[in-house]
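Notes for the structure review
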Amino acid sequence: MRPVSDAQVRKLMEEMTKHGRIGQAAMKADMDRKTARGYITSGKLPSDKPTSRDWRTRSDPFEAHWPEIEERLRLTPELEAKTLFELLQEQHPERYQDGQLRTLQRRVKWWRTARGPERSIVLAQLHRPGEAAQTDFTRTMELGVTIGGQLFAHLLCVLVLPYSNWQWATVCLSESMVALRRGVQRALFELGRVPEFHQTDNSTAATHRIPDGNAECFEDGKRPFNVEYLALMKHYGMKPRTTAIAAKEQNGDVEAANGAFKRRLEQALLVRGSREFETCEVWQAFVDRVARKANTNRSVRVAEDLAAMRELNVARLPEYTEERARVTERSTVRIKYCAYSVPSRLKHAWVRVRIFEDRIEVRHADVIELACERLRGRGLNRIDYRHVIWSLVRRPGGFARYVYREEMFPTVVFREAYDAIQAAHAGTRGDLTYLRILHLAASTMEEDVAVALTLLQMAGAPITVEAVKEMVASSANGIEIPSLVSPPVDLVAYDALLNEVAA
């Protein structure tokens, strides 16, 4: 850091006497605000302050063994001071105490600076307007955002234009190809322009994993791009490029922007006074407002970026991937290592599955047969009892060891009812009674059946199919359907509207 001169401090004091604003005075004196505050507080010039000494006030405790330490550092510069200190303690157990570690750390630090080997530095890059966009994913747990009272575990897909530092962030749930596509598309349509290059790190969203021991089969050791990623780049007319393996610093602009943007979000959340949001869409709108506000401060260089880029003249790609799957004999389809049940009439049929980032749609003959939230992880199951209950009622003996048995209890009320039924009629007989009740829930309204089960248990009455049916039927019969009177149609108003359009 450049030292402060007496002339700068005199200029600082002169400006302070004019208006008393430390920020403006520090800027006029060409010094940091914190530095300026220190000189204002002390009231002294730099020449009046004591200079640092270049002599020791006490003897060096490591002088006798310093040649040995220095030789180790020359041979193995990566050795840490703590490791060297522990070696000294092993060799000279009575001479060196733990409190002397900091002294050795300072001595080693001085040696590395004065006589150590050359070190790798960051090579600042010159960015050209409109040349490239960089994309990266960043985690957001530190923001503590909640949706519906639950901590919202998610990421942000951040796209940055390195020349102007324009940035855009998209809420996503994983570093998948679908998330990358959605993040890139939202950013490009916000810009309305397309850069020449798009750069990512070697994430699995854009590139394949390198087979073990076969890194040399790819040019420069880099992974090849996924077919889906290349299709995305071709659609928008961008040239793809990645960083080198284990070289995140080559994506340094977006890496730095991640931290800065999350700090902006943190401040905006503090001002808002709450981290609770109704839905993911409301949170995304909040993120968009913060990003737009930040981008307005970069308008001059953003204009240069936009002027150098091509106009965006293509349509959005669908934000899902589509796969074909065959329904198993269990009436399930396997999607991304997870099982989802579908109506049993689709057994052995081929279906098309649209995989969004947060949900899936199973289609057969262009009809949506299943639309549900996507499971996150592997080996998970989402089994809807309505899809399989018909087979279970016909074969109740298979319920006891049914693979998806636990999924046949939609709520705690049904589980408690099953336990009560088994206490009275253990075995297959009790299973059949429960399955018939579950069949009733699938045929009518699950909520009505749950209320009936609750009332029967509160009354201490036996739970039977007939008792539940009677209570559900009486509940349905008690609903009054209001009579609605159709309002008269006034055609005069339509005639007036037609005459107004014709005029």
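Quick summary incoming for the structure in this document. None of these values were measured; they are calculated from a predicted model. (Residues numbered from 1 in each chain as written. Predicted model: local features only at pLDDT ≥ 70, side-chain atom pairs only at ≥ 80, totals over all residues. Heavy atoms only, no water.)

1. Regarding helix H1 (residues 6-19)
In a regular helix each residue adds 1.5 Å, so 14 residues correspond to 20 Å; H1 covers 21 Å between its end C-alpha atoms and thus fits that length. Burial in H1 covers these residues: Asp6, Gln8, Val9, Leu12 and Glu15. Those residues of H1 hidden inside the fold are in contact with helix H2 (22-28) and helix H3 (33-42). (Helix = DSSP H or I, 4+ residues; strand = E, 2+ residues; numbered from the N terminus. Expected span 1.5 Å × (residues − 1). Buried < 20%, exposed > 50% of the residue type's maximum accessible area, 1.4 Å probe, protein only. Contact = heavy atoms within 4.5 Å.)

2. Examining the packing of H1 against H3
A pair of packed helices is captured by two measures, namely the crossing angle of their axes and the spacing between those axes. Two numbers describe how H1 lies on H3: the axes approach to 11 Å, and their chain directions differ by 80°. The angle between H1 and H3 falls in the class roughly perpendicular. Touching Val9, Leu12, Met13 and Met16 of H1 are Ala36, Tyr39 and Ile40, all from H3. Of the residues contributing to the contact of H1 with H3, the split by class is seven nonpolar, no polar and no charged. (Axes fitted to C-alpha atoms, helices over the stretch in contact; angles between N-to-C directions. Parallel < 35°, antiparallel > 145°, perpendicular 65-115°, else oblique. Nonpolar A, V, L, I, M, F, W, Y, C, P; charged D, E, K, R; others polar.)

3. As for the packing of helix H7 (residues 177-191) against helix H8 (residues 227-236)
At a minimum axis distance of 10 Å, the contact between H7 and H8 shows a crossing angle of 15°. In terms of orientation, H7 lies roughly parallel with respect to H8. For the element pair H7 and H8, the recorded crossing hand is right-handed. Along its contact with H7, which presents Met177, Leu180, Arg181, Val184, Gln185, Leu188 and Phe189, the element H8 presents Glu228, Tyr229, Leu232 and Tyr236. Looking at side-chain class alone, the contact of H7 with H8 contains eight nonpolar, one polar and two charged residues. (Left-handed = near helix turned anticlockwise from the far one by under 90°.)

4. Focus on helix H10 (residues 280-296)
Between its terminal C-alpha atoms H10 stretches 25 Å, which fits the 24 Å expected from 17 residues at 1.5 Å a residue. Those residues of H10 lying buried are Trp283, Gln284, Phe286, Val287, Asp288, Val290, Ala291, Ala294 and Asn295.

5. Some points on unusual backbone geometry
The phi dihedral of Asn165 is positive, around 65°, even though this residue is not glycine. Structurally, Asn165 is set in the loop between strand E4 (155-161) and strand E5 (166-172). Among the residues examined, Asn165 registers a relative accessible area of 37% and is labelled partly exposed. The backbone of Ala365 sits at a positive phi, close to 55°, despite the residue not being glycine. Within the secondary structure layout, Ala365 lies in the loop between strand E15 (359-364) and strand E16 (367-373).

6. Here's the deal with the nonpolar core
The nonpolar side chains of a soluble globular protein tend to be buried with one another. Counting residues in hydrophobic clusters, the biggest one holds 31 residues, and the most contacted among them are Tyr434, Val449 and Val468. If you list the elements that add at least two residues to this core, you get helix H12 (385-394), helix H13 (412-424), helix H14 (428-443), helix H15 (446-459) and helix H16 (465-477). Counting residues per element, this core draws most heavily on H14, at seven residues. Formed by 29 residues, the second largest nonpolar core is a distinct cluster that contains Phe152, Leu156, Leu159 and Ala291. (Core = buried A, V, L, I, M, F, W, Y, C linked by side-chain atoms within 4.5 Å.)

7. Observations concerning the packing of aromatic side chains
Enumeration according to the criterion identifies 17 aromatic pairs in this entry. With a centroid separation of 5.0 Å and an interplanar angle of 55°, the aromatic rings of Phe277 and Trp283 are classed as tilted. For the residue pair Phe277 and Trp283, the accessibility class agrees, reading buried in each case. The interplanar angle of 50° and the centroid separation of 5.0 Å between the aromatic rings of Tyr320 and Phe356 together place this pair among those described as tilted. In this pair, Tyr320 is assigned in the loop between strand E10 (310-311) and strand E11 (321-326) and Phe356 in the loop between strand E14 (350-355) and E15, connecting sequence segments 36 residues apart. For Tyr320, a relative accessible area of 19% corresponds to the buried category. Ring-pair connections join several aromatic residues into one group, and the members of that group are Phe399, Phe409, Tyr418 and Tyr434. The lysine or arginine in question, Arg359, covers the ring of Phe356, its NZ or CZ lying 3.7 Å from the ring centre. The aromatic ring of Phe409 is capped on one face by Arg415, whose charged end is 4.4 Å from the ring centroid. (Phe/Tyr/Trp six-rings, centres within 6.5 Å; stacked < 30°, edge-to-face > 60°. Lys NZ or Arg CZ within 6 Å of the ring centre and 35° of its normal.)

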